[in-house]
Each structure stands twice: as C-alpha cells, then as structure tokens.
Amino acid sequence: MDTANSAHYDRCTIVLHWLTAILVVGLFALAEIWAFLPRGTPTRKLLQSLHVSFGLAFAAVLLVRIVWRLSAGRRLPRASGGLPGLAAVGAHFLLYALMAAQVVLGFLFRWAQGEPFSFFGLFDVPTLIPLSRDVRHFYGDLHNTVAWCIIVLAGLHACAALWHHYMMRDGVLRRMTSGG
C-alpha cells in the first residue's frame, strides 16, 4: 500500500465531504419523490419545504467547505498521476462548480416562483433579486438538469473511489473515511 495514498484528510474535511454527499443525495431524492405526488398535496408541499430547508443547509455547508478547502483544509498528494490524476482533479473542480451553480439556481428558481422560502420555519430568506415568474420554468429546468449532472458525476466519483479501494487496493478511499 502506498503511504502517500493512505494518509488521511483532517476531520473537518471528512465531515464536510460526507455531509455534502448526504445532502446532495437527500435533496435529489426529495425532488424525485415529490415528482410522483399530485400537485398541491400536503405531502408534496412538505417534501418541497424540506428540500428548500435542506438546500439552504447545503448552501451553508458548501460555502464552509470551499472556505475550508481554500484556507485550512489538509491537502494530500494526488492518488494517481498522469491522465487519471488530471481527470480526478477535473472531476472535483466540476463537482464544486456544479454544486455552486445549483445553489445559485435554487435561489433564482425560488425567487422566480414568487414564493417565500424558509429554513425549517425558523426564518425566511428575503428575495434579493425580484424575477419575473415567466423565467421560473427556465430556472427550474436548469436546476433539474444540473441536479442530474451532479448525481451522475458524484456517482462516477463514488465508483472511482470504490475502484481504488477494491481493485487497486491503494488506500485512497480510506483517506476520506477516518481522521487518522
């Protein structure tokens, strides 16, 4: 086993990584489930409200994660060199870019809907940019498309981690599973 690959990220990086993963999958699942429910039903409205609240939590986690990564987060050497290493760096950058875009699109979509959004009923997020309701479908469709892109790319990311763990046996997955 390569000792460089078996080093661990710091606990904060690990927690932020897995919290991000849980929120991404959870937000996606909520949206997919409510799509099967009739419009206007209490269950659908509850799922949408939870989606908005957890989306706000996701925005906060992503912001903290980016600040942590740029400032204090532990950096480890690439797990692979050459083209696989560049692909991994590119995939990570694309995931961050898509997640940031998704947060912005979520806000724009909600503001275009003209509906208030609340964080678990504790406080409302004000409308900072008044948008025409005519653009809500555009932002909603884009929000949905970016969500699918994130899920596909995150799935590939998970498959690559499992490949490293089970096929290459190089300790890459363990870098993100314990604080060493």
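For clarity, every value in this text was computed on a predicted model and none was experimentally measured.

Can you help me understand the nonpolar core in this one?
Within soluble globular proteins, side chains that are nonpolar generally end up buried alongside one another. By size, the foremost hydrophobic cluster in this structure holds 25 residues, and its most contacted members are Phe58, Leu62, Met99, Phe117 and Ile150. Contributing elements (two or more residues each) for this core: α2 (11-34), α3 (42-71), α4 (82-113) and α5 (136-168). Per-element accounting of this core gives the leading share, nine residues, to α4. Ignoring sequence-local partners within four residues, the contact set of Phe117 consists of Val52, Leu56, Phe107, Arg110, Trp111, Phe123, Asp124 and Val125. With five residues, the next largest nonpolar core counts Ala7, Tyr9, Ile14 and Leu76 among its residues.

How do you make sense of α5 when you look at a structure like this?
Note on helix geometry: an α-helix contains 3.6 residues per turn, so any two residues three or four positions apart are oriented the same way. With 33 residues, α5 extends 46 Å between its outermost C-alpha atoms, agreeing within 8% with the 48 Å of an ideal straight helix rising 1.5 Å per residue. Among all positions of α5, only Tyr139, Gly140, His143, Val146, Ala147, Ile150, Leu153, Ala161 and His164 are buried. Phi for Arg169, located one or two positions after α5, is positive at around 50 degrees.

In this structure, what is going on with the side chain of Gln113? I would like to understand it.
Turning to its location among the elements, Gln113 is positioned in helix α4. Overall, Gln113 belongs to the buried group, its relative accessible area being 16%. Each residue touching Gln113, except ones within four places of it in the same chain, is listed here: Arg133 and Arg136.

Got a minute to help me understand the packing of α3 against α4 in this structure?
Between two packed helices, what matters for the description is the angle formed by their axes and the separation of those axes. Contact pair α3 / α4: the axes reach a minimum separation of 10 Å and the direction vectors enclose 145 degrees. Handedness of the crossing formed by α3 with α4: left-handed. Mapping the contact onto sequence places Val52, Leu56, Phe58, Ala59, Leu62, Arg65, Ile66 and Arg69 in α3 and Tyr96, Met99, Ala100, Val103, Phe107 and Arg110 in α4. Its residues placed into classes, the contact of α3 with α4 shows eleven nonpolar, no polar and three charged.

About the cut-offs
- Residues numbered from 1 in each chain as written.
- Predicted model: local features only at pLDDT ≥ 70, side-chain atom pairs only at ≥ 80, totals over all residues.
- Heavy atoms only, no water.
- Core = buried A, V, L, I, M, F, W, Y, C linked by side-chain atoms within 4.5 Å.
- Buried < 20%, exposed > 50% of the residue type's maximum accessible area, 1.4 Å probe, protein only.
- Helix = DSSP H or I, 4+ residues; strand = E, 2+ residues; numbered from the N terminus.
- Contact = heavy atoms within 4.5 Å.
- Expected span 1.5 Å × (residues − 1).
- Axes fitted to C-alpha atoms, helices over the stretch in contact; angles between N-to-C directions.
- Left-handed = near helix turned anticlockwise from the far one by under 90°.
- Nonpolar A, V, L, I, M, F, W, Y, C, P; charged D, E, K, R; others polar.

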